[in-house]
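Secondary and tertiary structure notes
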Amino acid sequence: MRMRVDVITTTDWLAPVIWEGTFDREALGKYYRKQNITVGLVVFAVGSLTDQYLDPFLRSASKFFMPGYKVIFYVMVDRFLQLPEMDYDPRHSFQIHLIGEERWWNNYDLMRMKLLGEHIQDHIRHEVDFLFSMSANLVFQSEFGVETLSMSVAQLHAWWYFRKTGDLPYERRPMSAAYIPFGLGDFYYAGTIVGGMPLRVLDLTQEYMKGVVLDAENGLNSTYEKYLNKYFFLNKPTKLLSPEYSWDPTFHTLRQVRSMKIAQYPID
């Protein structure tokens, strides 16, 4: 792990926080190439997300996501589509899974996590060594490589990373399954990217579903990101991705952000 003095590079529980300049890509490449790994990338695109974001997501991911490694792209869509015209890497394969529209109802995040868990159980866990699930409104700008791999990977929220811990928008209602008391909490994690070994991602989806169901039984609901933050509060991620890995280009680019890995665009 290389040092940077302008940012947090290690958590209190000794998990690395990945920023440009804190890792040796060449050394990591030598290690992972010997492992002959396959990495999965899941993206859900329904409705207007498909028209507006899916093509740039896939084109940029094909170029910058895990270059040099075997990748399976799992594209979850609510209607038939053709993959965009691009230069296809022979190490890449694409699985397009059609999701019936009736299954999305009025809670996109709930259905997304439910389906992600089902696909991990059914086949993904047998097909890849590491797995990422990402929002469709992301466009890769530079290499998203093996420096991001770990057992459990969380994405630091670009806006809230630079705020005081006491100001983080955790769920504060004690009755909610997503509750984190005032004075506790480490970071605020974004829902744009989660990753890790497939069974750890599966565990996240299952705990999220339990929290949603428990709250529904009590007449409560919370946001996907708040349940996600409760999960990582109880189950510390083993690697954190800095805001460079999901940066909103409408923000003023701070000096700490040396290399925007992924641009996150607002969903209309």
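Residues numbered from 1 in each chain as written. Predicted model: local features only at pLDDT ≥ 70, side-chain atom pairs only at ≥ 80, totals over all residues. Heavy atoms only, no water.

Under an unreviewed UniProt entry, the name given to the chain is Glycosyltransferase 6 domain-containing protein 1, and the source organism is Myodes glareolus. The heading Subcellular location (unreviewed entry) in the UniProt record of the chain holds the text "Membrane". (UniProt positions renumbered as here; feature names shortened; annotations may be inferred.)

Focus on the side chain of Ser60
Along the polypeptide, Ser60 turns up in helix H2 (residues 48–64). By relative accessible area, Ser60 is classed as buried at 8%. Once you skip the residues sitting within four places of it in the chain, Ser60 turns out to touch Phe65, Val139 and Phe140. (Helix = DSSP H or I, 4+ residues; strand = E, 2+ residues; numbered from the N terminus. Buried < 20%, exposed > 50% of the residue type's maximum accessible area, 1.4 Å probe, protein only. Contact = heavy atoms within 4.5 Å.)

Points about the layout of surface pockets
One number sums up the size of the largest pocket: a volume of about 250 Å³. Along the wall of the largest pocket there are 13 residues; nearest its centre are Tyr108, Asp109, Arg112, Ser135 and Ile267. Elements with a minimum of two residues in the lining of the largest pocket: helix H3 (108–127), strand E8 (189–196) and helix H5 (224–234). For the lining of the largest pocket, the leading source of residues is H3, giving 3 residues. (1 Å grid on protein atoms, 1.4 Å probe; cavity = no way out; pocket = protein on both sides within 12 Å on 5 of 7 lines; lining within 4 Å. Points joined across faces, edges and corners; volume = space filled by probe spheres on them.)

Remarks on the UniProt feature "active site" (unreviewed entry) in the chain
UniProt marks Glu225 with the feature "active site" (unreviewed entry), using the numbering shown here. Mapped onto the secondary structure, Glu225 falls in helix H5. Classification of Glu225 as partly exposed rests on a relative accessible area of 22%. The residues touching Glu225, leaving out its near neighbours within four places in the chain, are His157, Tyr188, Tyr189, Ala190 and Gly191.

Description of the environment of Arg255
Locating Arg255 in the fold gives a position in the loop between strand E9 (239–241) and strand E10 (262–264). Each C-alpha atom of the pair Arg255 and Gly219 lies 44 Å from the other, and the pair is 36 residues apart in sequence.

Overview of the sheet that holds strand E1 (residues 17–18)
A sheet is described by the order of its strands in space; here 8 strands give the open sequence E1-E9-E7-E8-E5-E2-E3-E4, paired in mixed fashion. The open sheet has two free edges, formed respectively by E1 and strand E4 (92–98), since each of these has just one partner strand. The strands touched by H5 within the sheet are strand E7 (152–156) and E8, with E8 carrying the most contacts at an inclination of about 50 degrees. (Pairing = 2+ DSSP bridges. Axes fitted to C-alpha atoms, helices over the stretch in contact; angles between N-to-C directions.)

Regarding helix H1 (residues 25–35)
Sitting at the head of H1, Asp24 places a side-chain oxygen 3.1 Å from the backbone nitrogen of Glu26. Two residues or fewer after H1 comes Asn36, characterised by a positive phi angle close to 55 degrees. (Polar contact = N/O pair within 3.5 Å; in protein donor to acceptor, adjacent residues only side chain to side chain.)

Here's the deal with the side chain of His119
Here His119 shows up in helix H3. At 3.0 Å, the side chain of His119 and the side chain of His123 are in polar contact.

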